[in-house]
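Structural features, examined
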Amino acid sequence: MYSRMVGLKLLLGLAVAFFLVVASFMLYITWTKGRGVMDQLITTALVLSFLWSAAAACGWILSFQKVRGTSSVRLMFGPRPLDSDHLRAWKWGRHFRYAVVSVLILMVAFGLTI
């Protein structure tokens, strides 16, 4: 169990580092060769939303590993739990849900500005 958690944390750390490298490259290209200010602002917000969703997914996965025998759908869409481990997973699930909604809204906004 311990080696699995260490491997999972290492994998999630590498994924976050990859996201940070890609996001910084994307922001550099956007702000140096962008078409307009609105395009640059929406792309920046989109990149930050992707980073938020990646961090929320990592937090949700790590907190969900501590909770055994509970449905992930119930933790994401169910009522607020009373147990501290369940509550942590529920909060990360809410962060992930809000991050995905913000990515979808920004994708629509990006499509409308083109």
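See the structure above.
These lines cover the structure that appears in this document, whether it is placed above or below. (Residues numbered from 1 in each chain as written. Predicted model: local features only at pLDDT ≥ 70, side-chain atom pairs only at ≥ 80, totals over all residues. Heavy atoms only, no water.)

Counted according to the given criterion, the structure contains 1 salt bridge. Residue Arg88 is joined to Asp85 by a salt bridge in which the shortest nitrogen-to-oxygen separation is 3.3 Å. You can see Arg88 and its partner Asp85 sitting in helix 4 (residues 84-113), 3 residues apart, about one turn around the helix. When its relative accessible area of 29% is taken as the criterion, Asp85 is described as partly exposed. (Salt bridge = Lys/Arg side-chain N within 4 Å of Asp/Glu carboxyl O. Helix = DSSP H or I, 4+ residues; strand = E, 2+ residues; numbered from the N terminus. Buried < 20%, exposed > 50% of the residue type's maximum accessible area, 1.4 Å probe, protein only.)

The next thing to look at is the packing of aromatic side chains. Under the counting rule described, the total for this entry stands at 3 aromatic pairs. Look at Trp60 and Phe96: their rings are 6.4 Å apart centre to centre, the planes differ by 5°, and that puts the pair in the stacked class. Residue Trp60 is found in helix 2 (residues 37-66), and its partner Phe96 is found in helix 4; the two are separated by 36 residues along the sequence. Relative accessible area serves as the criterion here: at 25%, Phe96 is assigned to the partly exposed category. (Phe/Tyr/Trp six-rings, centres within 6.5 Å; stacked < 30°, edge-to-face > 60°.)

The N-to-C vectors of helix 2 and helix 4 enclose an angle of 160°; their axes lie 8 Å apart at closest approach. As summarised for this structure, helix 2 and helix 4 are arranged roughly antiparallel, according to the angle between their axes. When the axes of helix 2 and helix 4 are compared, the crossing they make is left-handed. (Axes fitted to C-alpha atoms, helices over the stretch in contact; angles between N-to-C directions. Parallel < 35°, antiparallel > 145°, perpendicular 65-115°, else oblique. Left-handed = near helix turned anticlockwise from the far one by under 90°.)

Below, the discussion takes up the side chain of Ser102. Along the chain, Ser102 falls in helix 4. If we skip the residues at most four places from it in the chain, Ser102 touches Ser49 and Trp52. (Contact = heavy atoms within 4.5 Å.)

By secondary structure assignment, the location of Arg97 is in helix 4. The partly exposed category is assigned to Arg97, whose relative accessible area is 24%. C-alpha of Arg97 to C-alpha of Ser49: the two residues are 48 residues apart in sequence and 11 Å apart in space. Ignoring anything within four residues of it in the chain, the contact list for Arg97 reads Met76 and Phe77.

To continue, consider a nonpolar patch on the surface. Residues Trp31, Val37, Met38 and Leu41 make up a contiguous nonpolar surface patch of roughly 430 Å² in combined accessible area. When residues of the nonpolar patch are assigned to their parent elements, the largest contribution, 3 residues, is made by helix 2. Note on Met38: relative accessible area 53%, which makes it exposed. (Patch = residues over 30% accessible without salt bridge, like charges linked within 9 Å, V, L, I, M, F, W, Y side chains within 5 Å. Areas by Shrake-Rupley, 256 points an atom, 1.4 Å probe, with all protein chains shown as cover.)

These figures come from the coordinates and say nothing about function on their own.
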